[in-house]
Protein chains: 2
Amino acid sequence: MIKTIEGINRRTKACGTAARERIDQLTKPLNSLGRLEELAIELAEMTGDPLPTVTPPGVIVFAADHGVAKEGVSAYPPEVTAQMVFNFLRGGAAINVFSRQIGALMRVVDVGVAFSFPEDVVANADGMFVDAKVRFGTRNMLAEEAMTRDETITAIEAGISQAHELIDAGAKIVIPGEMGIGNTTAASALLAALSGKEVTACVGAGTGVAGERLLHKIAVVQKALQERSPNAADPIDVLGKVGGLEIAAMAGAILGAAQRRTPVLLDGFISTVAALIAVRLAPACRDYLLAGHRSQETGHALALSELGLAPLIDLKMRLGEGSGAALAFPIVDAACRMVREMATFAEAGVASGGGER
Amino acid sequence: MIKTIEGINRRTKACGTAARERIDQLTKPLNSLGRLEELAIELAEMTGDPLPTVTPPGVIVFAADHGVAKEGVSAYPPEVTAQMVFNFLRGGAAINVFSRQIGALMRVVDVGVAFSFPEDVVANADGMFVDAKVRFGTRNMLAEEAMTRDETITAIEAGISQAHELIDAGAKIVIPGEMGIGNTTAASALLAALSGKEVTACVGAGTGVAGERLLHKIAVVQKALQERSPNAADPIDVLGKVGGLEIAAMAGAILGAAQRRTPVLLDGFISTVAALIAVRLAPACRDYLLAGHRSQETGHALALSELGLAPLIDLKMRLGEGSGAALAFPIVDAACRMVREMATFAEAGVASGGGER
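All figures in this text were calculated on a predicted structure; none of them were measured in a lab.

Draft legend 1. Looking closely at the relation of the copies chain B and chain A. Between chain B and chain A, the superposition needs a rotation of 180° and an axial shift of 0.0 Å, giving an RMSD of 0.0 Å. Classification of the inter-copy transformation places it as that of a two-fold axis. If distances are taken from each C-alpha of chain B to the rotation axis, the shortest is found for Ile313 of chain B, at 3.0 Å.

See the structure below:
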């Protein structure tokens, strides 16, 4: 982990300048592609290539269970985490559909599901399933620390390794996704601890709790933070005290991608909180983040503002798995294709006009 | 034209209901895919298929010149219209890049470019180029009527035919795009006449005019409307008096698609104004419209509100050609794939939980 953190470099501004020069010569009114132009410049700076590419993308869905799920904080029973892993491996979940659409390399990484997947599941998954289980779910943050410091670091390192492996397999951008019943509770606790903001600003409906159940979820997070008293200056301590394993692994994947100068396209609430942890561990990794989708989940706006990120799309979604990022991916891809494939005024023999900047 | 207008049916609500029933059984928290779910239902209603598809999309770029361009209302000289047609045929424009990205069938239709394209251009364009020229650009709306009533109807009918041909070739959704130096001036005049709103609310930077030149553009539109005095109750009269040929053809393409129960994905200002004309001619065609992108062009918000449409994405663009719609297309595609490809709770053996609607 330390080696990864120390190995993250800042963006290369000169490559962004080169991309801007080319973009201003392309056959379109100056600045008429708005945010797509800014994206192309950011990607050039991240990758160190004035003509960047993000194809194929890599989607990593980290799955794990949460001890706190037994407190009734989710609309779904904890068994759904393992059931959804089977659904991922059969190709029936939203993230499978959207990953196929964008031609993504996809991995499902068990970092802590409270279930033993049979050998044949692993064998028949065509390399999609990765067993990196740290433990069978976190401990219940209400009663004890969710993870030890060692477990936390092991989960982060699993994420780093998975990002590296996916990049070695060809992924040009990393989309970290997740599955874990109870994980909006953990992410809300993380955000409240790291931001210092009120718990009520950090807790939302998750899979769909409202009314009394939402008040209960808020109370669980408040009590856990009081009892565990995480040290906001130490992200590993915060992560260990409230969990979860998949959020730690996502933070690791973000660090691992940044180390390889590979852009990261964030999904919604959970992945943005994971990014906040990654940035607290290694501020330079902020340089490699793009926000894909604005989630309906309460704490997402706060997590985004802590990182200074503005999402590309807003479709009123709150599914997770990486789904919002996968839907935003074609826009990121289009930015690269624009700068790589459009003709310049000179190439096309088009009069370049006098549009103001 | 009359046969097309009379042949447009309303949406089939029952197909939307069937799509909603399926969506609520899919392996995700209820309503967690937000706007994507609404889109899938709308597409089911439009197409009459509870499992709709929009692949492949069809992009039609209608090109024409505007007599008013000689008044200095654009940042570019009028020759750029023909030069950009050559660029389209060589694949170097933004709409080419984004059409390739989304696997679109693409046509470039000359309905009124003030240039004679050589025979070999037509022959070598692999069917991408269609000659449907009505005349060599519109007349200058400041001095006379831009088009006769016959020319206007001929241009609309060219658009209807082109939509039908693209649908016959396999297109499952139609993206009308345009190229025409001076066409934001014509579209602004159309919008002011049809909406009854102030000209200043309808005129914007277009390809990039500002300051004195923008004030001049506003004055040109105001004077043209005073001199021509279009009849807002007669969309053909309005279109004829201010132009343009490509806007008339886009309105026709929208009518032609609606007649075939094929969804239309609108781009920015010009295409939304063309849709407003189509809806004034045939109110039922509103049922087949989706707004792709929110343009930076001043009048777009007004045109959208006249039609009651909310765009899917907002990337601060103002390019036209159909580019914003092409960038929004993957979201529409994802909505169809979601309802067609995701597993239900029963199929996946996942506990369906109790998320509130």
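Picking up after the structure, the text goes on.
Draft legend 2. Expanded view of the pattern of salt bridges. Residue and element names in this part refer to chain A. Taken as a whole and assessed by the stated rule, the structure comprises 38 salt bridges over all chains. A salt bridge links Glu45 to Arg11; the nearest nitrogen and oxygen atoms lie 3.3 Å apart. Taken together, the residues span a long stretch of sequence, with Glu45 in helix α3 (residues 34-47) and Arg11 in the loop between α1 (2-6) and α2 (13-23) at a distance of 34 residues. Taken as a pair, Glu45 and Arg11 share a single burial class, namely buried. A salt bridge links Arg20 to Asp24; the nearest nitrogen and oxygen atoms lie 2.9 Å apart.

Draft legend 3. Expanded view of the state of the cysteines. Residues and elements named next belong to chain B. Under the counting rule described, the total for this entry stands at zero disulfides over all chains. Of the cysteine sulfurs around Cys202, a residue in no disulfide, the closest is that of Cys285, at 20 Å. Cys15 provides the cysteine sulfur closest to Cys285, a residue in no disulfide bond, and the two sulfurs are 20 Å apart.

Draft legend 4. Representation of the nonpolar core. Formed by 295 residues in total, the largest nonpolar core has its most connected members in Leu36 and Phe98 of chain A together with Leu36 and Phe98 of chain B. Every residue in contact with Phe98 of chain A, bar those within four places of it in the chain, is listed here: Ser323, Ala326 and Leu327 of chain A together with Leu33, Leu36, Ala334 and Met338 of chain B.

Draft legend 5. Region of interest: the packing of helix α8 (residues 183-195) of chain A against helix α9 (residues 211-228) of chain A. All names here are of chain A. In the contact formed by α8 and α9, the axes pass within 10 Å of each other and the chain directions differ by 50°. Between α8 and α9, the angle is such that the two are oblique. Considering only the axes of α8 and α9, their crossing is right-handed. Two secondary-structure elements touch here, α8 through Thr184, Thr185, Ser188, Ala189, Ala192 and Ala193 and α9 through Lys217, Val220, Val221 and Leu225. Class assignment of the residues belonging to the contact of α8 with α9 gives a composition of six nonpolar, three polar and one charged.

Draft legend 6. Fine view of helix α2 (residues 13-23) of chain B. All names here are of chain B. Of all the positions in α2, only Cys15, Gly16, Ala19, Arg20 and Ile23 are classed as buried. Projected down its long axis, α2 shows its buried positions confined to an angular sector of 140°, all on one face. Of the residues in α2, the exposed ones pointing more than 90 degrees away from the buried face are Ala14 and Glu21. Structurally, α2 contributes buried residues whose contacts are with α3 (34-47) and α14 (323-341).

Draft legend 7. How the structure looks around the pairing of strand β1 (residues 57-64) of chain A. All names here are of chain A. Counted residue by residue, β1 has eight buried out of eight residues, so it is predominantly covered. Covered by surrounding structure in β1 are Pro57, Val59, Val61 and Ala63 together with Gly58, Ile60, Phe62 and Ala64, the residues of both alternating faces. Bridging between β1 and strand β2 (residues 105-112) involves seven bridges; their strand directions are parallel. Its bridge partner being in β2, Gly58 is matched across the sheet by Leu105.

Draft legend 8. Up close: the interface of chain B and chain A. Taken together, the contact between chain B and chain A spans 56 residues of the former and 56 residues of the latter. Taken together, the two surfaces of chain B and chain A that pack against each other cover about 4600 Å², and 60% of this comes from carbon and sulfur. A salt bridge links Glu341 of chain B to Arg100 of chain A; the shortest N-O distance between them is 2.8 Å. Applying the counting rule to chain B against chain A returns 20 residue pairs in polar contact (both at pLDDT 80 or more). Among the elements of the structure, α3, α4 (79-90), α5 (94-101), α14 and α15 (345-348) of chain B are those that each provide at least two residues to the side of chain B that touches chain A. The leading source of residues in the side of chain B that touches chain A is α14 of chain B, at eight residues. Among the residues forming the side of chain B that touches chain A, the class breakdown is 31 nonpolar, 15 polar and ten charged.

Draft legend 9. Main features of the side chain of Arg318 of chain B. When you line up the elements, Arg318 of chain B lands in the loop between α13 (300-307) and α14. At 6.5 Å, Glu297 of chain B is the nearest oppositely charged side chain to Arg318 of chain B, a buried residue that forms no salt bridge. There is a polar contact of 2.8 Å between the side chain of Arg318 of chain B and the backbone oxygen of Leu30 of chain A. Among the polar contacts made by the side chain of Arg318 of chain B, one reaches the main-chain carbonyl oxygen of Gly206 of chain B at a distance of 3.5 Å. Excluding anything up to four places from it in sequence, Arg318 of chain B contacts Pro29, Leu30, Asn31 and Ser32 of chain A together with Gly206, Thr207, Gly208, Ser295, Gln296 and Glu297 of chain B.

Draft legend 10. Quick peek at the environment of Pro29 of chain B. Checked against the element boundaries, Pro29 of chain B lands in the loop between α2 and α3. For Pro29 of chain B and Ile218 of chain B, which are 189 residues apart along the polypeptide, the C-alpha to C-alpha distance reads 50 Å.

Draft legend 11. Region of the structure containing α2 of chain A. Taken as a whole, α2 of chain A has its buried residues at Cys15, Gly16, Ala19 and Ile23 of chain A. Against the buried residues of α2 of chain A lie α3 and α14 (323-341) of chain A.

Draft legend 12. Spotlight on the packing of aromatic side chains. Residue and element names in this part refer to chain A. The tally for this structure, following the rule as stated, stands at ten aromatic pairs over all chains. Relative to Phe129, the ring of Phe117 lies with its centre 5.3 Å away and its plane at 65°, an arrangement referred to as edge-to-face. Here Phe117, found in the loop between β2 and α6 (119-123), pairs with Phe129, found in strand β3 (residues 129-131); they are twelve residues apart in sequence, far enough to count as distant. An aromatic cluster is present here, built from Phe86, Phe115, Phe117 and Phe129 joined pairwise through their rings. Taking the ring centre of Phe136 as reference, the NZ or CZ of Lys133 above it sits at 4.5 Å.

Conventions and cut-offs
- Residues numbered from 1 in each chain as written.
- Chains lettered and ligands numbered in written order.
- Predicted model: local features only at pLDDT ≥ 70, side-chain atom pairs only at ≥ 80, totals over all residues.
- Heavy atoms only, no water.
- Least-squares fit on C-alpha atoms with pLDDT ≥ 70 in both.
- Salt bridge = Lys/Arg side-chain N within 4 Å of Asp/Glu carboxyl O.
- Helix = DSSP H or I, 4+ residues; strand = E, 2+ residues; numbered from the N terminus.
- Buried < 20%, exposed > 50% of the residue type's maximum accessible area, 1.4 Å probe, protein only.
- Disulfide = S-S within 2.5 Å.
- Core = buried A, V, L, I, M, F, W, Y, C linked by side-chain atoms within 4.5 Å.
- Contact = heavy atoms within 4.5 Å.
- Axes fitted to C-alpha atoms, helices over the stretch in contact; angles between N-to-C directions.
- Parallel < 35°, antiparallel > 145°, perpendicular 65-115°, else oblique.
- Left-handed = near helix turned anticlockwise from the far one by under 90°.
- Nonpolar A, V, L, I, M, F, W, Y, C, P; charged D, E, K, R; others polar.
- Arc of directions from axis to C-beta.
- Pairing = 2+ DSSP bridges.
- Buried area = accessible area lost by both parts, 1.4 Å probe.
- Polar contact = N/O pair within 3.5 Å; in protein donor to acceptor, adjacent residues only side chain to side chain.
- Lys, Arg positive; Asp, Glu negative; His and termini not counted.
- Phe/Tyr/Trp six-rings, centres within 6.5 Å; stacked < 30°, edge-to-face > 60°.
- Lys NZ or Arg CZ within 6 Å of the ring centre and 35° of its normal.

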